[in-house]
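Chain and residue survey
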Protein chains: 2
Amino acid sequence: MIAPLRVGIAGLGTVGAEVVRLIEQQGKILSARCGRGIKVVAVTARSKTKKRGVDLRGIRWAKDPMAIAVDPEVDCFVELMGGVGDPALSAIEAALASGKSVVTANKALIARHGLKLAALAEQHGGALNYEAAVAGAIPVVKTLREGLAGTGVDRVYGILNGTCNYILSRMEQEGLSFADCLKDAQRLGYAEANPSFDVDGHDTAQKLAILASLAFGTKVAQSAVYVEGITSIAAADLRAAAELGYRVKLLGVAVRTATGIEQRVHPTMVPRTSSIAQVMGVTNAVTIDGAGISPITLVGPGAGGAATASAVLADIADVARGVRALPFGRPVAKLAATTKAPMERHEGGYYIRLMARDLAGTAARIATRLAEQKISIESIVQRHPDGMIDAVDATKKSSPVPVILITYATSEDAMRRALQAVQSDKVISGRPQVIRIEKN
Amino acid sequence: MIAPLRVGIAGLGTVGAEVVRLIEQQGKILSARCGRGIKVVAVTARSKTKKRGVDLRGIRWAKDPMAIAVDPEVDCFVELMGGVGDPALSAIEAALASGKSVVTANKALIARHGLKLAALAEQHGGALNYEAAVAGAIPVVKTLREGLAGTGVDRVYGILNGTCNYILSRMEQEGLSFADCLKDAQRLGYAEANPSFDVDGHDTAQKLAILASLAFGTKVAQSAVYVEGITSIAAADLRAAAELGYRVKLLGVAVRTATGIEQRVHPTMVPRTSSIAQVMGVTNAVTIDGAGISPITLVGPGAGGAATASAVLADIADVARGVRALPFGRPVAKLAATTKAPMERHEGGYYIRLMARDLAGTAARIATRLAEQKISIESIVQRHPDGMIDAVDATKKSSPVPVILITYATSEDAMRRALQAVQSDKVISGRPQVIRIEKN
């Protein structure tokens with residue numbers, strides 16, 4: 001029997017404490033599965049005295065993360081502190097430089113410094129595992145890195161932020177406003193006091209950048225992701241989506257196009273019957289489209305102590321079993337450059353909701369303006385104040401009435417030019433609401 | 001750079017030919033991902049001259065599978081012939097005994113001889129990979145074997161047979177009979193001329209036996225699986241399920257109970273809002289419940305040349321990268337004995353549909369008989385001939401009327417005794433239909 005894997009953990013929040021507990025509790029199964037034991041030999045955290053409900057006797061308390069990272073008695077450095085810079089970054093660099101394997105749940109760090117860290121891991125022979133950084137307990141990093149090794153991926157997209165999905169689910173189910181649902185999410189602990197990182201799409205963008213790199217062999221780069229959040233989504237959009245056979249989700253989408261890999265985060269209309277549309281509440285999901293195969297969808301808890309700890313433990317077990325997958329699935333030197341795909345060239349269908357001042361005149365105007373840009377309309381409907389929708393009756397006149405359009409695939413550029421023209425025509429009040437459609 | 005992995009393939013049907021094609025087409029990506037090339041050096045199949053749409057020039061044609069299995073110039077033996085016995089079995093044994101790694105899509109063989117083969121693989125240091133044997137392109141073997149290494153799994157269940165799911169989906173959506181849907185499935189090539197292996201649940205049982213072993217560390221044993229097929233399911237059951245908030249799926253379920261691991265295959269009522277209930281048509285899905293974490297569900301194509309080839313290729317890539325996971329996740333010597341859990345001790349809720357001869361008398365009788373067995377009724381409804389359901393009105397009298405019961409959790413034993421008593425009372429005509437309920 002090989003000697004046990006000696007693990008050092010920096011960060012003992014909910015996840016860190018749960019990892020310590022699981023390694024103790026699952027010790028026998030883990031050693032049967034890995035062919036060797038796993039032993040936590042050192043830990044550190046900001047407070048040594050805090051109650052954590054886990055037995056730390058017999059485990060050395062290190063003075064700081066760096067002390068664990070360079071400790072010759074530690075084989076695997078587990079970083080669960082978070083933060084995009086130091087102390088996490090320096091400690092991980094030091095651990096990798098000394099030939100240790102590193103396990104982290106830190107998406108921000110991997111999205112920002114992943115390439116540099118992957119190069120260090122390759123150079124010194126350690127693993128750099130970060131399953132917990134994307135979609136919690138869902139084994140999507142492993143699936144893209146190893147499980148689909150030979151499949152040409154064409155598209156990967158997912159619900160990667162539980163806060164946004166919780167808010168959109170409640171808005172739809174209860175007809176509430178974004179602001180009300182956000183307040184509830186904050187009260188329940190699903191959203192931060194400053195919710196911008198979640199609701200403006202940045203959390204999703206970091207995770208998407210990592211998935212895109214794994215799927216397409218490009219350099220991980222958060223700056224290459226187009227980002228739009230969910231703050232402008234109204235209950236009216238969710239109602240209209242439902243009636244038109246769609247649901248609105250904040251998706252991260254990375255897709256191979258004729259002009260390169262397009263990475264984007266935005267509210268998205270998905271067909272109501274798709275697997276991804278069924279995912280409600282704080283749950284996460286990722287769909288992978290491969291060449292010639294039907295999509296694979298992975299659904300599960302995207303956050304929470306137990307789910308994250310489960311993914312961290314799987315990563316540690318891989319280190320113990322001697323698995324050394326390349327951090328981004330390919331050597332860093334072979335990862336392709338990443339460029340930000342210009343959204344004006346994005347091609348797809350659009351949902352457009354606007355307030356018509358004069359319904360007859362507006363319908364005719366919109367039709368003309370869209371035709372000028374060669375955009376075909378799949379459906380055009382108006383919403384009566386009572387909430388029912390009907391085909392537009394051009395003879396009706398009333399105060400501003402919502403008109404909802406679904407277009408066939410067109411370019412974003414053409415769509416924007418058409419809407420600009422409609423606005424110049426002064427037949428609508430306010431700005432049009434635009435939501436991209438993603439077909440499955 | 002390490003020398004390329006030399007692959008020999010026995011069996012060149014749709015899957016085998018696709019594997020040859022993918023290795024050629026994806027060569028560059030595969031070698032970047034694996035750190036070495038992958039090269040098909042030998043193939044064999046029943047006919048050498050058959051047109052397969054794939055270029056076999058430069059690849060040696062072996063006289064039989066055994067010739068590849070013992071060829072010192074082959075590192076990895078890929079078995080895609082199928083069949084539970086020879087030539088597949090002897091060839092795989094010979095390949096493993098010579099220290100080669102083996103990749104196979106043969107579920108019947110793994111379910112029957114998996115233990116013996118795993119022991120050989122362990123002894124001689126080769127891999128035994130069989131991702132394609134269960135749920136096609138869905139990486140469920142990898143997820144259970146590696147991705148959830150440290151999570152205590154409590155239950156794994158899934159839709160593992162596309163034929164049955166296709167039939168049940170169409171029966172529900174179009175109100176058709178089992179026989180009509182089966183005929184259609186046969187016409188479309190989703191069902192065999194002799195459909196028994198699929199519709200009687202045996203295919204699902206083989207796959208479940210494999211999943212149960214991976215999830216719970218028990219010896220793989222198809223004989224430990226209780227099996228019931230879908231032939232008795234009527235359109236009326238699917239209609240009633242829909243109205244009661246359920247859907248009927250043929251599930252394979254392996255679950256840890258107080259008395260051991262219960263493995264069972266049977267038509268199952270699942271809550272309509274669960275991830276598994278959304279899976280329609282030939283698609284497969286597996287849900288894994290872990291200790292303290294919300295369920296993970298993996299959805300994707302369960303069959304078809306491209307999907308199966310994708311899983312086979314991932315297995316080959318793992319061999320190339322030097323990954324050697326234990327075939328059942330733990331050493332064979334540590335796998336626990338498997339016993340067939342007696343279904344009479346199964347605990348759960350039940351859907352019961354019976355034809356009441358005299359509604360008032362029958363309702364009272366059923367209530368009494370269930371109460372005698374301490375079974376609580378969640379709902380009891382009758383179906384009018386027009387298809388609507390209503391609360392039972394005990395004052396009505398008519399010709400036999402369907403009565404549908406949903407019970408709270410009870411033991412199968414108690415439920416069977418109660419129904420036996422109801423039948424002895426002669427208040428119903430025909431046999432009651434019973435479908436187990438699986439809560440998510």
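Rules and cut-offs
- Residues numbered from 1 in each chain as written.
- Chains lettered and ligands numbered in written order.
- Predicted model: local features only at pLDDT ≥ 70, side-chain atom pairs only at ≥ 80, totals over all residues.
- Heavy atoms only, no water.
- Helix = DSSP H or I, 4+ residues; strand = E, 2+ residues; numbered from the N terminus.
- Rg over C-alpha atoms; globule rule 2.2 N^0.38 Å.
- Buried < 20%, exposed > 50% of the residue type's maximum accessible area, 1.4 Å probe, protein only.
- Contact = heavy atoms within 4.5 Å.
- Phe/Tyr/Trp six-rings, centres within 6.5 Å; stacked < 30°, edge-to-face > 60°.
- Buried area = accessible area lost by both parts, 1.4 Å probe.
- Salt bridge = Lys/Arg side-chain N within 4 Å of Asp/Glu carboxyl O.
- Polar contact = N/O pair within 3.5 Å; in protein donor to acceptor, adjacent residues only side chain to side chain.
- 1 Å grid on protein atoms, 1.4 Å probe; cavity = no way out; pocket = protein on both sides within 12 Å on 5 of 7 lines; lining within 4 Å.
- Points joined across faces, edges and corners; volume = space filled by probe spheres on them.
- Axes fitted to C-alpha atoms, helices over the stretch in contact; angles between N-to-C directions.
- Parallel < 35°, antiparallel > 145°, perpendicular 65-115°, else oblique.
- Left-handed = near helix turned anticlockwise from the far one by under 90°.
- Nonpolar A, V, L, I, M, F, W, Y, C, P; charged D, E, K, R; others polar.
- Arc of directions from axis to C-beta.
- Pairing = 2+ DSSP bridges.
- Right-handed = clockwise from strand over helix to strand, strands pointing away.
- Core = buried A, V, L, I, M, F, W, Y, C linked by side-chain atoms within 4.5 Å.
- pLDDT = per-residue confidence, 0-100.

It is worth spelling out the overall build of chain A at this point. Along the backbone of chain A there are 14 helices and 18 strands. The C-alpha atoms of chain A give a radius of gyration of 25 Å, which matches the 22 Å a tight globule of 440 residues would have. Its C-alpha atoms give chain A principal-axis dimensions of roughly 80 × 45 × 35 Å. Within chain A, the fraction of its 440 residues that count as buried is 60%. Partitioning the contacts of chain A with sequence separation of at least 6, the portion at a separation of at least 24 is 75%.

Turning our attention to the packing of aromatic side chains. Residues and elements named next belong to chain A. For the coordinates displayed, the defined rule picks out four aromatic pairs over all chains. The interplanar angle of 40° and the centroid separation of 5.7 Å between the aromatic rings of Tyr-130 and Phe-328 together place this pair among those described as tilted. One end of the pair, Tyr-130, is in the loop between strand E6 (128-129) and helix H6 (140-147); the other, Phe-328, is in the loop between helix H12 (305-320) and strand E13 (347-356), and 198 residues separate them in sequence. Looking at Tyr-130, the relative accessible area reads 0%, which means it is buried. Taking the centre distance of 4.8 Å and the plane angle of 65° together, the rings of Tyr-166 and Tyr-190 count as edge-to-face. Of the two residues, Tyr-166 sits in helix H7 (residues 162-174) while Tyr-190 sits in the loop between helix H8 (178-187) and helix H9 (196-199), which places them 24 residues apart along the sequence.

Moving on to the interface of chain B and chain A. In this assembly, 48 residues from chain B lie in contact with 48 residues from chain A. For the pair chain B and chain A, the summed buried surface comes to about 3700 Å²; carbon and sulfur atoms form 56% of the total. Scanning the region where chain B abuts chain A turns up four salt bridges. We note a salt bridge from Lys142(B) to Glu146(A), for which the minimum N-O separation is 3.0 Å. Taken together, the connections running from chain B to chain A amount to 10 residue pairs in polar contact (both at pLDDT 80 or more).

Let us look at the side chain of Thr44(A). All names here are of chain A. Position of Thr-44 relative to the elements: it lies in strand E2 (residues 38-44). Judged by its relative accessible area of 3%, Thr-44 falls in the buried class. Here Thr-44 is in contact with Ile-9, Ala-10, Gly-11, Leu-12, Trp-61, Ala-62, Lys-63, Asp-64, Pro-65 and Ile-68, once residues within four sequence places are set aside.

This next bit is on the pattern of salt bridges. Tallying each qualifying case throughout the model produces 60 salt bridges over all chains. In this structure, Glu174(A) and Arg170(A) form a salt bridge, with 2.8 Å as the shortest nitrogen-oxygen distance. Placement of both Glu174(A) and Arg170(A) in helix H7 is noted, with a separation of four residues, approximately one turn of the helix. Taking the shortest distance from any N to any O, the salt bridge between Arg417(B) and Asp413(B) comes out at 2.8 Å. Here the residue Arg417(B) and the residue Asp413(B) both occupy positions in helix H14 (residues 412-424), the gap between them amounting to four residues, near one helical turn.

For the rest of this paragraph, the subject is the layout of surface pockets. Here the idea is plain: a probe the size of a water molecule rolls over the atoms and shows the empty space left. Residue and element names in this part refer to chain B. Taken as a whole, the second largest pocket encloses approximately 400 Å³ of empty space. Lining the second largest pocket are 16 residues, and of these Arg-416, Arg-431, Pro-432, Gln-433 and Val-434 lie nearest its centre. Elements represented by at least two residues in the lining of the second largest pocket include exactly H14 and strand E18 (428-437). Element by element, the count of residues in the lining of the second largest pocket is highest for E18, at five residues.

Residues and elements named next belong to chain A. Contact pair helix H5 (residues 107-124) / helix H10 (residues 202-216): the axes reach a minimum separation of 9 Å and the direction vectors enclose 55°. In terms of orientation, H5 and H10 fall into the oblique class. You can see that H5 and H10 cross each other, and the crossing is left-handed. Residue-level inspection shows Lys-107, Ala-108, Ile-110 and Ala-111 of H5 in contact with H10, the latter providing Asp-203, Gln-206, Lys-207 and Ile-210. When grouped by side-chain class, the residues that make up the contact of H5 with H10 number four nonpolar, one polar and three charged.

All names here are of chain B. Those residues of helix H8 (residues 178-187) that sit buried are Phe-178, Cys-181, Leu-182, Asp-184 and Ala-185. Viewed end-on, H8 has its buried residues packed into an arc of 160°, placing them on one side of the element. Turned more than 90 degrees off the buried face of H8, the exposed positions are Lys-183 and Arg-187. Next to the buried residues of H8 lie helix H7 (162-174) and helix H9 (196-199). Of the residues one or two after H8, Gly-189 is the one with positive phi, at around 85°.

What follows deals with empty space enclosed by the protein. The final tally for this structure, using the stated rule, is three cavities of 30 Å³ or more. Roughly 100 Å³ of internal volume is contained in the largest cavity. Around the largest cavity, the lining is made up of 13 residues, and of these Glu131(A), Lys142(A), Arg145(A), Asp315(A) and Asp318(A) lie nearest the centre. Secondary-structure elements contributing two or more residues to the lining of the largest cavity are H6 and H12 of chain A together with helix H6 (140-147) of chain B. Considering every element that reaches the lining of the largest cavity, the biggest residue donor is H6(A), with four residues. Looking at the lining of the largest cavity, its residues break down into four nonpolar, two polar and seven charged. Approximately 70 Å³ is the volume found for the second largest cavity. Glu146(A), Gly147(A), Glu131(B), Val141(B), Lys142(B), Arg145(B), Glu146(B), Ala314(B), Asp315(B) and Asp318(B) are the residues that line the second largest cavity. Breaking the lining of the second largest cavity down by element, the ones donating at least two residues are H6 of chain A together with H6 and helix H12 (305-320) of chain B.

This part takes up the pairing of strand E5 (residues 101-104) of chain A. All names here are of chain A. Here E5 shows two buried faces, one formed by Ser-101 and Val-103 and the other by Val-102 and Thr-104. As defined by bridge partners, strand E4 (residues 76-79) adjoins E5 across four bridges and the pair is classed as parallel. Pairing of Cys-76 across the sheet is with Ser-101, part of E5. As a crossover connection, the stretch from E4 through helix H4 (residues 88-97) into E5 is right-handed. Of the pairings in the sheet, the one linking E5 to E6 comprises two bridges and is parallel in character. Its bridge partner lying in E6, Val-102 is registered against Leu-128. Between the parallel elements E5 and E6, the chain passes through H5 in a crossover that is right-handed.

With that settled, consider the nonpolar core. Considering soluble globular proteins, one finds that nonpolar side chains tend to be buried as a cluster. Of all hydrophobic cores here, the largest spans 170 residues; its most connected members are Ile167(A), Leu144(B) and Ile167(B). Once residues lying within four places of it in the same chain are set aside, the contact partners of Ile167(A) are Phe178(A), Cys181(A), Leu182(A), Ala185(A), Val199(A) and Ile230(A). With 32 residues, the next largest nonpolar core counts Ile38(B), Val78(B), Leu313(B) and Ile316(B) among its residues.

For the rest of this paragraph, the subject is the sheet that holds strand E3 (residues 60-61) of chain A. All names here are of chain A. The sheet built from six strands is open, its strands ordered E3-E2-E1-E4-E5-E6 with parallel pairing. With one partner strand each, in any of the chains shown, E3 and E6 form the two edges of the open sheet. In this sheet, E4 lies alongside strand E1 (residues 5-10) in parallel orientation, the contact comprising four bridges. Note that in E4 the partner of Ala-10 across the bridge is Glu-79. In the packing of H12 onto the sheet, contacts are made with E1, E2, E4, E5 and E6, and the angle to E5 comes to roughly 170°.

Moving on, we get to the confidence of the model for chain A. It should be kept in mind that the predicted coordinates are not to be read in detail where pLDDT is low. Residues at a pLDDT of 70 or more form 95% of chain A, whose mean pLDDT is 91. ipTM for the predicted complex: 0.88, alongside a pTM of 0.91.

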